[in-house]
Amino acid sequence: MSGRTPALTPPDSALAPVRHPDAPAPGEPIGSHYEHCFGCGGEQPHGLHLAAKAGEGVSVTAEFLVRPEHQGAPGLAHGGLLATALDDTLGALNWLLRVISVTGRLETDYLRPVPVGSVLHLSAEVTAVDGRKIYATAEGRLNAPDGPVAVRADALFVEVKVEHFTENGRPEEIRAAMDDPDQIRRVRAFEVNP
Ligand SMILES: CCCCCCCCCCCC(=O)SCCNC(=O)CCNC(=O)[C@H](O)C(C)(C)COP(=O)(O)OP(=O)(O)OC[C@H]1O[C@@H](n2cnc3c(N)ncnc32)[C@H](O)[C@@H]1OP(=O)(O)O
């Protein structure tokens, strides 16, 4: 198994993560931040449809049913999609910290093949915070929360302002999201920490 690169090792000055008082309660579904998100959006027909739940502390869990459209080799999940599943589960940690952050670096270990039809039980937690840098780790287990670990990742997320999205996203989608008459969807797409 690979070791962590220095960029993913929190410095001695890093602090333990703090669960936000308004974070969803353990066991509560987190829901999609954006309906067209490939990882968790309900309106992406070929998306992963990840359903994340808050865990204890600064952690989340999620499940991903590997469907035929997720194949790489015959009958096996594509590795890039497995990285996406890990990345999106890690992204859900934003709701526990109530900050907006994006993936800066993601290092993935593939430990076992993941057959089509498997349910990948994902879990992720923040391990340390250093200013805008959020260090986190995730793993995916086959077919049960205590099944064998098939994939794992270490990641660095970097806190950003909402302008990261509004100034860089394609204007059509930004406008559509901002004009969404559903206020909850509008807030989730743009304001993790209103
Ligand atoms: C609204 C709903 C939301 C909800 C959002 C939920 C989305 C969930 C989806 C899953 C998550 C994603 O896929 S997010 C999409 C994929 N990611 C992206 O598109 C990000 C693209 N990259 C960028 O925009 C940028 O590079 C940033 C924001 C990551 C960093 O740029 P910056 O803001 O200028 O900050 P910068 O000074 O460079 O970096 C800050 C600190 O982080 C460190 N750092 C930065 N990048 C790296 C890196 N790759 N490896 C190591 N370290 C790094 C720097 O050394 C520095 O450390 P020091 O000098 O301070 O020590």
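Cut-offs used in this document
Residues numbered from 1 in each chain as written. Predicted model: local features only at pLDDT ≥ 70, side-chain atom pairs only at ≥ 80, totals over all residues. Heavy atoms only, no water. Pairing = 2+ DSSP bridges. Helix = DSSP H or I, 4+ residues; strand = E, 2+ residues; numbered from the N terminus. Axes fitted to C-alpha atoms, helices over the stretch in contact; angles between N-to-C directions. Contact = heavy atoms within 4.5 Å. Near = heavy atom within 4 Å. Polar contact = N/O pair within 3.5 Å; in protein donor to acceptor, adjacent residues only side chain to side chain. Areas by Shrake-Rupley, 256 points an atom, 1.4 Å probe, with all protein chains shown as cover. Nonpolar A, V, L, I, M, F, W, Y, C, P; charged D, E, K, R; others polar. UniProt positions renumbered as here; feature names shortened; annotations may be inferred. pLDDT = per-residue confidence, 0-100. Buried < 20%, exposed > 50% of the residue type's maximum accessible area, 1.4 Å probe, protein only. Salt bridge = Lys/Arg side-chain N within 4 Å of Asp/Glu carboxyl O.

Participant: Help me understand the sheet that holds strand 4 (residues 119–130) in this model?
Facilitator: In sheet architecture, strand pairing relies on hydrogen bonds along the backbone and comes in two forms, parallel and antiparallel. With antiparallel pairing, six strands are arranged side by side in an open sheet as 1-2-4-5-6-3. Each of the sheet's edge strands pairs with one partner strand only, and the pair in question is strand 1 (51–54) and strand 3 (101–110). Along the sheet, successive strands turn relative to each other by an average axial angle of 20 degrees, direction set aside. The pairing of strand 2 (residues 59–65) with strand 4 spans seven bridges and is antiparallel. Residue pairing for strand 4: threonine 61 is matched across the bridge by serine 123. Of the strands in this sheet, strand 2, strand 3, strand 4, strand 5 (133–142) and strand 6 (149–159) touch helix 1 (residues 79–91), which is tilted by about 135 degrees from strand 3.

Participant: What exactly am I supposed to notice about the site of the ligand here?
Facilitator: Looking at the ligand, there are 23 residues lining it, with Asp87, Gly104, Arg132, Lys133 and Ala189 nearest. At 2.6 Å, a side-chain N or O of arginine 132 approaches an oxygen atom of the ligand. Here lysine 133 contributes a side-chain N or O atom positioned 2.6 Å from an oxygen atom of the ligand. With the chains in place, 56% of the 1,200 Å² that the ligand exposes on its own is no longer accessible. Elements supplying a minimum of two residues to the shell around the ligand: helix 1, strand 3, strand 6, helix 3 (163–166) and helix 5 (183–190). Ranked by residue count, the leading element in the shell around the ligand is strand 3, at four residues. Tallied by class, residues from the shell around the ligand come to eleven nonpolar, six polar and six charged.

Participant: What am I meant to see in the UniProt feature "domain: Thioesterase" (unreviewed entry) in the chain here?
Facilitator: Mapped onto the present numbering, the UniProt feature "domain: Thioesterase" (unreviewed entry) falls at residues 75–139. Taken as a whole, residues 75–139 contains 26% helix and 45% strand, while its terminal C-alpha atoms sit 21 Å from one another.

Participant: How do you make sense of the confidence of the model for the chain when you look at a structure like this?
Facilitator: Any segment with low pLDDT has predicted coordinates that should not be analysed in fine detail. A residue-level look at the chain finds 96% of positions with pLDDT of 70 or above and a mean pLDDT of 94. Model confidence for the complex: the whole-complex pTM is 0.95, and ipTM, which rates the interface, is 0.96.

Participant: Is there a simple way to explain unusual backbone geometry in this structure?
Facilitator: Comment: phi is negative for the bulk of residues other than glycine, and the bulk of peptide bonds are trans. Phi at histidine 49 is positive, roughly 55 degrees, even though this residue is not glycine. Examined against the element boundaries, histidine 49 turns out to sit in the segment before strand 1. Its identity is not glycine, yet arginine 98 carries a phi of approximately 60 degrees, on the positive side. Locating arginine 98 in the fold gives a position in the loop between helix 2 (94–97) and strand 3. Look at arginine 98 and you get buried, because its relative accessible area is 17%.

Participant: What am I meant to see in the pattern of salt bridges here?
Facilitator: Overall, the coordinates contain ten salt bridges when judged by the stated rule. A salt bridge links glutamate 35 to arginine 185, with the shortest nitrogen-to-oxygen separation between them at 3.1 Å. Of the two residues, glutamate 35 sits in the segment before strand 1 while arginine 185 sits in helix 5, which places them 150 residues apart along the sequence. Overall, the relative accessible area of 19% leaves glutamate 35 in the buried class. What makes arginine 185 partly exposed here is its relative accessible area of 37%. Between arginine 170 and glutamate 173 there is a salt bridge; the shortest N-O distance is 2.6 Å.

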